[in-house]
Amino acid sequence: MKVYLKDIKEADCASDALILPLCEGDAGASLKYIGPAAGSLIKKIISSGEFEGKHNQMTLLHTSDMIRPDRILLAGLGRKKEISREKIRQAGGKAASLLAGLGLKDIALSARYLSSLGHLPSDFVEGSLLAVYKFSKYKSDKEAKGLKSMMVISRPDKHLRESIKWVTALASTVNFAKDLINTPSNDMTPGRLADVAKSLAKGKVSVRVLERKDSEREGMGAYLSVSKGSVEPPKFIVLRYNGGDGAPVALIGKSITFDSGGISIKPGEGMEKMKYDMAGGAVVLAVIRLASGYKLPLNLIGILPAAENLPGGSASKPGDIVRTINGKTVEIINTDAEGRLALADAIGYAKKLKPKAIIDIATLTGACSVALGNEAIAMMGNDDPLISRMKAAGDETYERVWQMPLYEEYGEYIKSDIADIKNTGGKTGSLVTAAYFLKEFAGEVPWVHLDIASVAWADKDRPYTLKGATGVGVRLLSTLLKEMK
Ligand code: BES
Ligand code: MN
Ligand code: ZN
């Protein structure tokens, strides 16, 4: 959907539907934009109690030639004093889904009311853009439905123009990540992920893919152990974006293209969803793509230790001991705790590139959603300034992060009798012990770990995120990095 700004009277804009966002009990404010005839119609609807302006309430009416737009969609924002950026995003999502569902093509948004409240109409646009995502690659009958354009009616405003440009870039980046995550593992192998990474190599982005031999030479035995049971060759993908000065920030994304659990095999029910175990890697690719497209003035390293975790005849087995890039030995208690094995080597590899910070993002533990439901990312780290920046970006984007502790006592949980460390400490505290395992590899480098297992996939529709891959992490990290430069 193409979004553009136009300074025109609402009543004069030719469109299939004009969206009028409204707060509860504030009808008067909007009516001045649409002229007396349509205005009195809306007044009637409001006084009849049919539309109250409750948050996410939507009422559609035909204008029968009273004004140029064919329809008006009243979009409820809720109480004025409770309005928030997220509520505006959600209303934008609801409105766009409804209009797209009707098969409409060209819509318009009256931005004046939101601006008059001191809010950014671009939040509404962001919700709309995110809501109309569809994954139809594998459907033979491609629905022709889909919004084509949204005219944002406003005075020319440099700030609004900039913020619309930003949310448009964000939404297309989120959709890029969602496509990768939704693609099943037979088509999204480590090799395919490497191809996608290579397709981003232009301008200030360069890409190097380490093949199995290269990773062996680097000594990444923990990472390599994950794909031993699969015929899909592992690909250790390294991207660099050089858009500025100074030490880079390293972004590491868990990239298990399918996680069967390996020999410690998972139960069959719901296993099909384990194609999303590369969501972290997709987020990293997406963020690099955005940084390059938007020319963010900073340096980034993206690392995707891609592998497929299957129980083949040569798969690694519980009890096996592997050696990581920094020399530490790991006893594999459970082959289903494979993410941390891959990430440990990726963190070790990143450290050699002297980053100023390491952020890893991973669908790491089932315990993450046991703790937080599907409402927040679990965050752990060793650097308070980076942690508070992450919190701020989480609040801004509503990709909320919640910090969990990394008490040193957790170190005891993952002590191995015969190796330096073991890859699981059992059920108790498994969200935090997984992170503690990574902390042992991050050492002194400022590091934050984001466990997105709770939010990377949605089983139900939300106002602007439909079922399936959510792309969560893209808006969070993009916003963090934009404000970090
Ligand atoms: N990829 C899974 C975690 C996961 C589970 C993500 C459900 C999304 C939804 C991870 O590799 C895993 O299997 N973790 C195990 C670790 C355990 C064996 C210590 C878990 O959390 O059950
Ligand atoms: Mn696993
Ligand atoms: Zn996994």
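Asker: Would you mind showing me how to read the overall build of the protein chain here?
Answerer: A tally of regular secondary structure across the protein chain gives 16 helices and 20 strands. Taken over the C-alpha trace, the protein chain has a radius of gyration of 24 Å; the compact-globule value for 485 residues is 23 Å, and the two agree within 12%. Along the longest, intermediate and shortest principal axes, the C-alpha atoms of the protein chain span 80 × 45 × 40 Å. In the protein chain, which comprises 485 residues, the proportion classed as buried is 58%. Once local pairs closer than 6 in sequence are excluded, the contacts in the protein chain between residues at least 24 apart make up 79%. Counting only carbon and sulfur atoms, one obtains 50% of the accessible surface of the protein chain, whose full area is about 19800 Å².

Asker: I'm lost on unusual backbone geometry in this one. Help?
Answerer: Most peptide bonds are trans, and most residues other than glycine sit at a negative phi. Non-glycine residue Ser64 carries a positive phi angle of around 30 degrees. With respect to the helices and strands, Ser64 occurs in the loop between β3 (58-62) and β4 (71-76). At Asp65, a residue that is not glycine, the phi angle is positive and equals roughly 65 degrees. Mapped onto the elements of the fold, Asp65 is located in the loop between β3 and β4.

Asker: Which parts of the structure should I look at to understand the packing of helix α10 (residues 279-293) against helix α16 (residues 474-484)?
Answerer: Between two packed helices, both the angle of their axes relative to each other and the distance between the axes serve to describe the pair. Where α10 meets α16, the axes come as close as 9 Å, and the angle between the chain directions of the two elements is 40 degrees. In terms of orientation, α10 and α16 fall into the oblique class. The crossing of α10 and α16 is right-handed. Side by side, α10 and α16 meet where Val283, Ala286, Val287 and Leu290 of the first sit next to Val474, Leu477, Ser478 and Leu481 of the second. Within the contact of α10 with α16, the residues separate by chemical class into 7 nonpolar, 1 polar and no charged.

Asker: Explain the coordination of the zinc ion (ligand 3) here, please?
Answerer: Ideal coordination angles are 109.5 degrees for a metal with four donors arranged tetrahedrally and 90 or 180 degrees for a metal with six donors arranged octahedrally. Protein coordination at the zinc ion (ligand 3): the donors are Lys254 (NZ), Asp259 (OD), Asp277 (OD) and Glu338 (OE), at 2.0 to 2.3 Å from the metal. In the primary sequence, the donor residues of the zinc ion (ligand 3) line up as K-x4-D-x17-D-x60-E. Taken as an interatomic distance, the gap from the zinc ion (ligand 3) to the manganese ion (ligand 2) is 3.1 Å; Asp259 donates to each of them. Here Asp277 lies in the loop between β10 (255-259) and α10 and Asp259 lies in strand β10, a separation of 18 residues in the sequence. No difference in accessibility class separates Asp259 from Asp277, as the two residues are buried.

Asker: Can you walk me through helix α2 (residues 36-47) in this structure?
Answerer: Think of an α-helix as turning once every 3.6 residues; residues three or four places apart then point the same way. Over its 12 residues, α2 extends 16 Å from the first C-alpha to the last, a length consistent with the 16 Å expected when each residue adds 1.5 Å. Contacts made by the buried residues of α2 are with β2 (17-22), α1 (27-31), β3 and β4. Where α2 terminates, the next one or two residues include Gly49, which has phi positive at roughly 85 degrees.

Asker: What should I look at first to understand the sheet that holds strand β1 (residues 2-6) in this one?
Answerer: Two modes of strand pairing occur in sheets, parallel and antiparallel, and in both the strands are linked by backbone hydrogen bonds. Overall, mixed pairing links the 6 strands, which are arranged β1-β6-β5-β2-β4-β3 in an open sheet. Looking along the sheet, the strands with just one partner apiece sit at the ends: β1 and β3. Adjacent strand axes in the sheet meet at a mean angle of 25 degrees, parallel and antiparallel pairs treated alike. Here helix α3 (residues 85-101) sits on the sheet in contact with β2, β3, β4 and β5 (106-110), set at roughly 40 degrees to β3.

Asker: Sorry, what's going on with the pattern of salt bridges here?
Answerer: Where charged atoms of side chains with opposite charge meet at close range, the side chains can pair. For the structure on display, the rule yields 22 salt bridges. A salt bridge links Arg79 to Glu82; the shortest N-O distance between them is 3.1 Å. Accessibility expressed as a relative area gives 42% for Arg79, which makes it partly exposed. According to the relative accessible area criterion, Glu82 is partly exposed, its value standing at 39%. Note that Lys235 and Glu211 form a salt bridge whose closest N and O atoms lie 2.8 Å from each other.

Asker: What am I meant to see in the site of ligand 1 here?
Answerer: Surveying the vicinity of ligand 1 reveals 16 residues, the closest of which are Lys266, Asp277, Asp336, Glu338 and Gly366. Between ligand 1 and the protein, one listed contact pairs an oxygen atom with a side-chain N or O atom of Glu338 at 2.9 Å. Within the contact set of ligand 1, a nitrogen atom lies 3.3 Å away from a backbone nitrogen or oxygen of Thr363. Class assignment of the residues belonging to the shell around ligand 1 gives a composition of 4 nonpolar, 5 polar and 7 charged.

Asker: Please clarify how the packing of aromatic side chains should be interpreted in this entry.
Answerer: The geometry of an aromatic ring pair is captured by two quantities: the separation of the ring centres and the angle between the planes. Per the stated rule, a full pass over the model turns up 8 aromatic pairs. Measuring from centroid to centroid gives 5.3 Å for Phe437 and Phe441, while their planes differ by 40 degrees, and the two rings are tilted. With Phe437 and Phe441 both in helix α15 (residues 430-442) and 4 residues apart, this pair spans about one turn of that helix. Residues Phe437 and Phe441 agree in their burial class; the two are buried. A cation over an aromatic ring shows up here: Arg400 above the ring of Tyr398, its NZ or CZ 4.1 Å from the ring centre.

So, how was this worked out
- Residues numbered from 1 in each chain as written.
- Chains lettered and ligands numbered in written order.
- Predicted model: local features only at pLDDT ≥ 70, side-chain atom pairs only at ≥ 80, totals over all residues.
- Heavy atoms only, no water.
- Helix = DSSP H or I, 4+ residues; strand = E, 2+ residues; numbered from the N terminus.
- Rg over C-alpha atoms; globule rule 2.2 N^0.38 Å.
- Buried < 20%, exposed > 50% of the residue type's maximum accessible area, 1.4 Å probe, protein only.
- Contact = heavy atoms within 4.5 Å.
- Areas by Shrake-Rupley, 256 points an atom, 1.4 Å probe, with all protein chains shown as cover.
- Axes fitted to C-alpha atoms, helices over the stretch in contact; angles between N-to-C directions.
- Parallel < 35°, antiparallel > 145°, perpendicular 65-115°, else oblique.
- Left-handed = near helix turned anticlockwise from the far one by under 90°.
- Nonpolar A, V, L, I, M, F, W, Y, C, P; charged D, E, K, R; others polar.
- Donors = N, O, S within 2.8 Å, 3.2 Å for Na, K, Ca; no water.
- Expected span 1.5 Å × (residues − 1).
- Pairing = 2+ DSSP bridges.
- Salt bridge = Lys/Arg side-chain N within 4 Å of Asp/Glu carboxyl O.
- Near = heavy atom within 4 Å.
- Polar contact = N/O pair within 3.5 Å; in protein donor to acceptor, adjacent residues only side chain to side chain.
- Phe/Tyr/Trp six-rings, centres within 6.5 Å; stacked < 30°, edge-to-face > 60°.
- Lys NZ or Arg CZ within 6 Å of the ring centre and 35° of its normal.

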